[in-house]
Amino acid sequence: MTSQEWLADYLEHGARETGPYAPDAASADAARRLRGLLADPDGWAEPPAGLFGQITATIDRKGATPTVRDGRRRQIKARRTVRAGAVALLAAAAVVIGIVVTRGPATTDVVLAGTRLAPAASATAELHATPSGLAIELDVSGLPASPPGYYYQAWMKGPRGAVAIGTFHLRGGPGTVELWSAVSLADYPAITVTREREDGNPASSGQVVLTNRHP
Amino acid sequence: MDEDDLADAFRTGSAEGVRAVYERYSGAVFAIALRVLGDRDLAADAVQVTFLNAWRACGTLEPGRPLAPWLFTIARRAAIDLYRRRDRGPEPVEPADDATITLPPSMDSIWEAWQIRIALDMLPAEEREVVRAQHFAGLTHAQIAQQLAMPIGTVKSRSHRAHRRLASMLGHLAEVAA
């Protein structure tokens, strides 16, 4: 029995004696998760009837051709196009040296929620792997500009400690902040933003305003 | 229509292109929206936003770029945007406290849900019907045969073929070498 035949058998029948083939623990866990998802009612749900009619009606109201993006989106798109080019080159190199990528999209998104210090704040951190480190686009909303004498500092935290990944103030209004990290999300899974005073102390104030930490 | 033709049709922004993409992917978009939002009405809103945003951006879908991951990115973002806009749920906690902050499902789990739904939608209708009865309704092969009024041997062979197809399409998610 091959690994794929084992997976087919597992998806169909669940765990049972399958002869000499034995998957590793990670594959067995993943197969169990997949089988569970096959039974998830949400996975079988259909969108409401008539929804497509609403979509086409909206398109008709907006005109016969797609609208042009606004300036900020064009700017972001231009940056992403450059990065996509770099990613494409890296991907081509990876193929040459025989690396096979088997999992989903190249970027990772992390959602951050505001704490009691900034309950209206939220953010999405879009992490892109580059040869120099992680490029992070932090799209922040609901976080007020830091007052004079204060600033915001972003951190990645893990069992080995905390690494500062950039500072910002948002005095030009909400938007996307560019951060860089030399450490990985796998090793430093918590991303936080703290409010800091300009007092020359490089340590974190502990005043967390945004975090992805959850139970 | 294969994926390249579908992408070409969609790239024109025509109603036919939008309809074809909707017919193929609306189930997957709805499934991941429901997974993120847990609410059918909000998930329907996310589907609508997804297809409108995709239509607006259809000119940015470069020739040769796969349509499904591109649409997945738009759909996930639409669902998470709606998630962030709705009521925030539990009271935010003290900064030093790592306790409850409600967050949407992880990128990996949304991606899994997307791929599973697409794989299910790619099964032939008669095989999909058997898989649905087995996993969604929790029926045995004998019960499925009775419900669908067909010989149990037919149910077993359809189930066997369907699960082999699913294993082929989803093997990479289980990190099983195909």
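Below, the structure is looked at part by part. Keep in mind that this is a model prediction, so the values were computed, not measured.

Let's shift gears to the overall build of chain A. For chain A, the count of helices and strands is five helices and eight strands. In sequence order, the secondary structure elements of chain A are arranged as α-α-α-α-α-β-β-β-β-β-β-β-β. Counting across all 215 residues of chain A, residues that qualify as buried make up 25%. A sequence separation of at least 24 residues applies to 49% of the contacts in chain A between residues at least 6 apart.

To continue, consider helix α6 (residues 125–136) of chain B. Along its 12 residues, α6 of chain B runs 15 Å from first to last C-alpha, staying within 8% of the 16 Å computed at 1.5 Å per residue. For α6 of chain B, every residue scored as buried is listed here: E127, V130, V131, A133, Q134 and H135 of chain B. Summarising the contacts, the buried residues of α6 of chain B are in contact with α2 (25–38) of chain A together with α5 (107–122), α7 (141–148) and α8 (152–170) of chain B.

Time to look at the packing of helix α3 (residues 40–56) of chain B against helix α4 (residues 67–85) of chain B. Residues and elements named next belong to chain B. Orientation of α3 relative to α4, taken along the N-to-C sense of each, is 135°, at an axis distance of 9 Å. By the angle class used here, α3 and α4 are oblique. The handedness of the crossing between α3 and α4 is right-handed. Residues L42, D45, A46, V49, T50, N53 and A54 of α3 form the contact with α4, whose participating residues are L71, I74, A75, A78, A79 and L82. In the contact of α3 with α4, the residues fall into 10 nonpolar, two polar and one charged.

Thresholds, definitions, all that
Residues numbered from 1 in each chain as written. Chains lettered and ligands numbered in written order. Predicted model: local features only at pLDDT ≥ 70, side-chain atom pairs only at ≥ 80, totals over all residues. Helix = DSSP H or I, 4+ residues; strand = E, 2+ residues; numbered from the N terminus. Buried ≥ 20, exposed ≤ 12 C-beta atoms within 10 Å, placed from the backbone. Contact = placed C-beta atoms within 7 Å. Expected span 1.5 Å × (residues − 1). Axes fitted to C-alpha atoms, helices over the stretch in contact; angles between N-to-C directions. Parallel < 35°, antiparallel > 145°, perpendicular 65-115°, else oblique. Left-handed = near helix turned anticlockwise from the far one by under 90°. Nonpolar A, V, L, I, M, F, W, Y, C, P; charged D, E, K, R; others polar.

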